Amino acid sequence: MLSLLSALESRIGLTPVRRLDVDNINLFTKLEFCNMSGSIKDRAAISILKDAVRNKEIDAGSTIVESSSGNLAISLAHMCHTLQLPFVAVIDPNINSTYEQMLRLLSVDTRKVDKMDEKQGYLLNRIETVKAICASSDNTFWTNQYGNESNYRGYYQLAKEVKDVLPSLDYLFVAVSSGGAVTGLSCALKEYYPNMEVVAIDVEGSVIFRDEPRKRYISGIGSSLRSPIIEHARIDQVMHISNMDLIRGCHELLKEQHIFAGGSTGAIYYAIRHRFDFPKSAVKPNVLFCCADGGHAYLDNVYNKAWVDSFITETEFTATCSI
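All values reported here derive from a predicted model rather than from experimental measurement.

**Quick look at the overall build of the protein**
Consideration 1: Each helix and strand in the protein was counted, giving 11 helices and 10 strands.
Consideration 2: Computed over C-alpha atoms, the radius of gyration of the protein comes to 19 Å, within 12% of the 20 Å expected from 2.2 N^0.38 for 323 residues, which places it in the range of a compact globule.
Consideration 3: For the protein, the C-alpha atoms occupy an extent of roughly 60 × 45 × 30 Å along the three principal directions.
Consideration 4: Scored against the burial criterion, the 323 residues of the protein give a buried share of 59%.
Consideration 5: For the protein, contacts bridging at least 24 residues in sequence account for 70% of all contacts bridging at least 6.
Consideration 6: Separation of charge centres in the protein, based on 33 positive and 38 negative side chains, amounts to 3 Å.

**Examining the packing of helix α1 (residues 2–9) against helix α3 (residues 71–83)**
Consideration 1: Where α1 meets α3, the closest approach of the two axes is 10 Å, and the angle between their N-to-C directions is 135°. With respect to each other, α1 and α3 are oriented oblique. The two elements α1 and α3 cross, and the hand of that crossing is right-handed. The residues of α3 that touch α1, namely those facing L4, L5 and L8, are M79, T82 and L83.
Consideration 2: The residue inventory of the contact of α1 with α3, partitioned by class, reads 5 nonpolar, 1 polar and no charged.

**Overview of the sheet that holds strand β9 (residues 237–241)**
Consideration 1: As summarised here, the arrangement of the 6 strands in space is β1-β2-β10-β7-β8-β9, forming an open sheet in which the pairing is mixed. Two strands bound the open sheet, and with one partner strand each, they are β1 (17–19) and β9. Pairs of neighbouring strands in the sheet enclose a mean axial angle of 25°, with direction left out of account.
Consideration 2: Sitting on the sheet, helix α7 (residues 156–165) is in contact with β1, β2 (26–31) and β10 (286–291), with an inclination near 135° to β2.

**Digging into the UniProt feature "domain: Tryptophan synthase beta chain-like PALP" (unreviewed entry) in the protein**
Consideration 1: Mapped onto the present numbering, the UniProt feature "domain: Tryptophan synthase beta chain-like PALP" (unreviewed entry) falls on residues 11–273.
Consideration 2: Along residues 11–273, the helical share is 40% and the strand share 16%, with 32 Å between the first and last C-alpha atoms.

**A closer look at the packing of aromatic side chains**
Consideration 1: Inspection of every chain in the model, using the stated rule, returns 6 aromatic pairs.
Consideration 2: Between W307 and F311 the ring centres are 5.5 Å apart and the planes differ by 5°, which places this aromatic pair in the stacked class. Here F311 and W307 lie together in helix α11 (residues 305–314), a separation of 4 residues that amounts to about one turn.
Consideration 3: According to the relative accessible area criterion, F311 is buried, its value standing at 5%.

**Observations regarding the pairing of strand β3 (residues 63–67)**
Consideration 1: Counting buried positions along β3 gives 5 out of 5 residues, so the element sits mostly inside the fold.
Consideration 2: Alternating residues of β3 divide into T63, V65 and S67 and I64 and E66, and every residue in both groups is buried.
Consideration 3: Two elements, β3 and strand β6 (residues 140–142), share 3 bridges in a ladder whose sense is parallel. Note that in β6 the partner of T63 across the bridge is T140.
Consideration 4: The pairing of β3 with strand β4 (residues 87–91) spans 4 bridges and is parallel. What sits directly across from V65, in β4, is V88.
Consideration 5: With α3 bridging β3 and its parallel neighbour β4, the resulting β-α-β unit is right-handed.

**Points about the pattern of salt bridges**
Consideration 1: In total, this model carries 20 salt bridges according to the counting rule given.
Consideration 2: Measuring nitrogen to oxygen at the nearest pair gives 2.7 Å for the salt bridge that ties K50 to E9. Taken together, the residues span a long stretch of sequence, with K50 in helix α2 (residues 41–54) and E9 in helix α1 at a distance of 41 residues.
Consideration 3: Owing to a relative accessible area of 10%, K50 belongs among the buried residues under this scheme.
Consideration 4: The salt bridge involving R43 is made with E32; its shortest N-O contact spans 2.6 Å. Placement of R43 in helix α2 and of E32 in the loop between β2 and α2 is noted, with a sequence separation of 11 residues between them.

**Some words on the layout of surface pockets**
Consideration 1: Taken as a whole, the largest pocket holds about 280 Å³ of empty space.
Consideration 2: Going through the elements one at a time, α2 and α7 are the ones with two or more residues in the lining of the largest pocket.
Consideration 3: A class-by-class count of the residues in the lining of the largest pocket yields 3 nonpolar, 4 polar and 7 charged.
Consideration 4: Approximately 200 Å³ is the volume attributed to the second largest pocket.
Consideration 5: In this structure, the second largest pocket is lined by P93, N94, I95, N96, K215, Y217, D300, N301, W307, S310, F311 and E314.
Consideration 6: Counted by class, the lining of the second largest pocket contains 5 nonpolar, 4 polar and 3 charged residues.

**Concerning α7**
Consideration 1: The complete set of buried residues in α7 reads L158, A159, E161 and V162. Taken end-on, α7 shows its buried residues confined to a sector of 160°, consistent with a single buried face.
Consideration 2: Buried residues belonging to α7 abut β2, α2, α8 (180–192) and β10.

What counts and what doesn't
- Residues numbered from 1 in each chain as written.
- Predicted model: local features only at pLDDT ≥ 70, side-chain atom pairs only at ≥ 80, totals over all residues.
- Heavy atoms only, no water.
- Helix = DSSP H or I, 4+ residues; strand = E, 2+ residues; numbered from the N terminus.
- Rg over C-alpha atoms; globule rule 2.2 N^0.38 Å.
- Buried < 20%, exposed > 50% of the residue type's maximum accessible area, 1.4 Å probe, protein only.
- Contact = heavy atoms within 4.5 Å.
- Lys, Arg positive; Asp, Glu negative; His and termini not counted.
- Charge placed at Lys NZ, Arg CZ, Asp CG, Glu CD.
- Axes fitted to C-alpha atoms, helices over the stretch in contact; angles between N-to-C directions.
- Parallel < 35°, antiparallel > 145°, perpendicular 65-115°, else oblique.
- Left-handed = near helix turned anticlockwise from the far one by under 90°.
- Nonpolar A, V, L, I, M, F, W, Y, C, P; charged D, E, K, R; others polar.
- Pairing = 2+ DSSP bridges.
- UniProt positions renumbered as here; feature names shortened; annotations may be inferred.
- Phe/Tyr/Trp six-rings, centres within 6.5 Å; stacked < 30°, edge-to-face > 60°.
- Right-handed = clockwise from strand over helix to strand, strands pointing away.
- Salt bridge = Lys/Arg side-chain N within 4 Å of Asp/Glu carboxyl O.
- 1 Å grid on protein atoms, 1.4 Å probe; cavity = no way out; pocket = protein on both sides within 12 Å on 5 of 7 lines; lining within 4 Å.
- Points joined across faces, edges and corners; volume = space filled by probe spheres on them.
- Arc of directions from axis to C-beta.

Listed below in structure tokens is the structure:
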């Protein structure tokens, strides 16, 4: 099984770094949607599975289970399909239709949790569903992206790839959900760039950084719980982005940089453009963010004008949104 995992690992990483056309900063992005299954989560998935196999937590008869809003489930489903391991995905209504169809194709079971928890999300009830599945079946392995340290260690290689391309780095912007990317990248990159500032991007309604829980509409950013692994992260600043500004960021990134990216990336781009909203100076900082996934999975919502108009009405948002 380790040889198959190594073959999969060869299809992950060494993603392109692209410099963007921005006047007042040197802005770079790593195009993580070029990974095997189309997202940055491939790095976490392969790390979790390899460590579990090495530690004899997974064998040829194991069933893999995970609660995921989308990308990690897709990564695990692809890898488990190759490894011929049954995979059970626990999802919720915020998942996009394309991902749900793919999971139902690749997984032995897909459980959709539609009861909202006390934090105005679905995650807590998804996790309870995962625990019930594991308790009712023998030889199940919960990859547990929220508590598994192999999650954030999977991003160390990404940090090395950045170091090999960028001689200096002043700012790293990372969207936060399970906490794997921000933890792994902040710890590893601060070893290479000691003076670098890490800015964590969260969405309003997420409780990760003690915001009041509210309904969230777009998967891939935010959470109904604060993951224990994020305690290892080296974060200097937190920015909360509204759902509407996340949508704006996606459309601005597409219009200004011709990059078709997902919701968390749009939130980061919006945050960067407003964090550095000042005239061009003689010394421009070097700023990096990752395009965690592509925009195709968000055609039902972020890039759907009818959905956006409905969202504006539902949330009683009065400002004009031109998309």
